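Each chain, written out:
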Amino acid sequence: MSLPVLITGASQRLGLAMAESLLDQKIPVVITYRTYKPSVASLKERGATVIQADFSTEQAIDRAIAEIKAINKSYRAVIHNASDWAIDDKYENKDQLMTYMMRIHALVPYRINLALETHLTNHNLVADIIHMTDYVQETGSEKHMAYAASKAALHNLTLSFAKRLAPKVKVNSIAPALLMFNDGDSDHYKEKARTKSLLEVVPGAQEAVKAMHYLMQSEYITGQTLHLDGGRHLK
Ligand SMILES: NC(=O)C1=CN([C@@H]2O[C@H](COP(=O)(O)OP(=O)(O)OC[C@H]3O[C@@H](n4cnc5c(N)ncnc54)[C@H](OP(=O)(O)O)[C@@H]3O)[C@@H](O)[C@H]2O)C=CC1
Ligand SMILES: Nc1nc2c(c(=O)[nH]1)N=C([C@H](O)[C@@H](O)CO)CN2
């Protein structure tokens, strides 16, 4: 029996696509979700283990970690995908916003990685940790400042954990730019956003799925960032 892959925030979009792809390859999957949806039921029907977790509070993080540790004594990989793309101007209390962004994007991966160190190294496979960061980890974002800062913090954790866990665990960031639009995005927004990259395409979730498999199959990549940005950095 293969060792499971843990994916946080996998009830929709990129996380769901990654979970489905691993299940297609008969790789066991453990997911966390915040909001129950038909997609969670479908993953469960396909054999995934599902854990309800809203990472907004320390208690919820502690409970989720206890469940994750108890489910299996070893893990093949951990993919930190759960995320909230918060707009600064929509939050009155900036202390709360920055604390929330750092909690979900940096504290949760930090706590889970430390809690699973033994689970990731007590077997004879080289394990993977993948941090879903963002193109803005290096550029900042004028509308999503706290979000961008927390993604930069997450990328810095990639560097630290890569040094701490080598050679038993590879640790890398996947830094997407626009992979998928959101429900409600206007045609005007879509047209403008599409032209931000050189390739002017919005590839969809499979671009992240391919990056995940590439990193997990690599024998020589750690401490790196896979930039999925369509050449946006050159525009
Ligand atoms: N999509 C894109 O184009 C881009 C994505 N990325 C990054 O890639 C990753 C996946 O992106 P995408 O699929 O769009 O992400 P989503 O915006 O769909 O969020 C992923 C999941 O995070 C969960 N989540 C949100 N807040 C919390 C919370 N407080 N506690 C626990 N879970 C929470 C949601 O759970 P639920 O739905 O169950 O409530 C959601 O399913 C993210 O880390 C994102 O920042 C970066 C750049 C571009
Ligand atoms: N948690 C999320 N993070 C991000 C999302 C998203 O939908 N959920 N979307 C983006 C945008 O696609 C952005 O990259 C467009 O420039 C960024 N992060």
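Above: the structure in question.
For clarity, every value in this text was computed on a predicted model and none was experimentally measured. (Residues numbered from 1 in each chain as written. Chains lettered and ligands numbered in written order. Predicted model: local features only at pLDDT ≥ 70, side-chain atom pairs only at ≥ 80, totals over all residues. Heavy atoms only, no water.)

In this section: a nonpolar patch on the surface. On the surface, a nonpolar cluster with roughly 410 Å² of combined accessible area is contributed by Leu198, Leu199, Val201 and Leu234. Residue position: leucine 199 is located in the loop between helix 7 (187-194) and helix 8 (206-217). (Patch = residues over 30% accessible without salt bridge, like charges linked within 9 Å, V, L, I, M, F, W, Y side chains within 5 Å. Areas by Shrake-Rupley, 256 points an atom, 1.4 Å probe, with all protein chains shown as cover. Salt bridge = Lys/Arg side-chain N within 4 Å of Asp/Glu carboxyl O. Helix = DSSP H or I, 4+ residues; strand = E, 2+ residues; numbered from the N terminus.)

Let us now look at the environment of isoleucine 31. By secondary structure assignment, the location of isoleucine 31 is in strand 2 (residues 29-33). A relative accessible area of 0% means that isoleucine 31 is categorised as buried. Sequence spacing of isoleucine 31 and alanine 10 is 21 residues, and the spatial spacing of their C-alpha atoms is 5.9 Å. (Buried < 20%, exposed > 50% of the residue type's maximum accessible area, 1.4 Å probe, protein only.)

Our focus in this paragraph is the site of ligand 2. Close to ligand 2 lie Arg13, Ser83, Trp85, Asp134, Tyr147, Ala177, Leu178, Asn182, Tyr189 and Arg232. At a separation of 3.2 Å, an oxygen atom of ligand 2 approaches a polar side-chain atom of arginine 232. Relative to its unbound accessible area of 410 Å², ligand 2 is 81% covered by the protein chains. A class-by-class count of the residues in the shell around ligand 2 yields five nonpolar, two polar and three charged. (Near = heavy atom within 4 Å. Polar contact = N/O pair within 3.5 Å; in protein donor to acceptor, adjacent residues only side chain to side chain. Nonpolar A, V, L, I, M, F, W, Y, C, P; charged D, E, K, R; others polar.)

Going residue by residue along strand 4 (residues 77-80), you find Ala77 and Ile79 tucked away on one face and Val78 and His80 tucked away on the opposite face as well. Bridging between strand 1 (residues 5-7) and strand 4 involves three bridges; their strand directions are parallel. Looking across to strand 4, one finds that valine 5 is bridged to alanine 77. Inspection of the sheet shows strand 4 paired to strand 5 (residues 127-132) by four bridges, in the parallel sense. Residue pairing for strand 5: alanine 77 is matched across the bridge by aspartate 128. (Pairing = 2+ DSSP bridges.)

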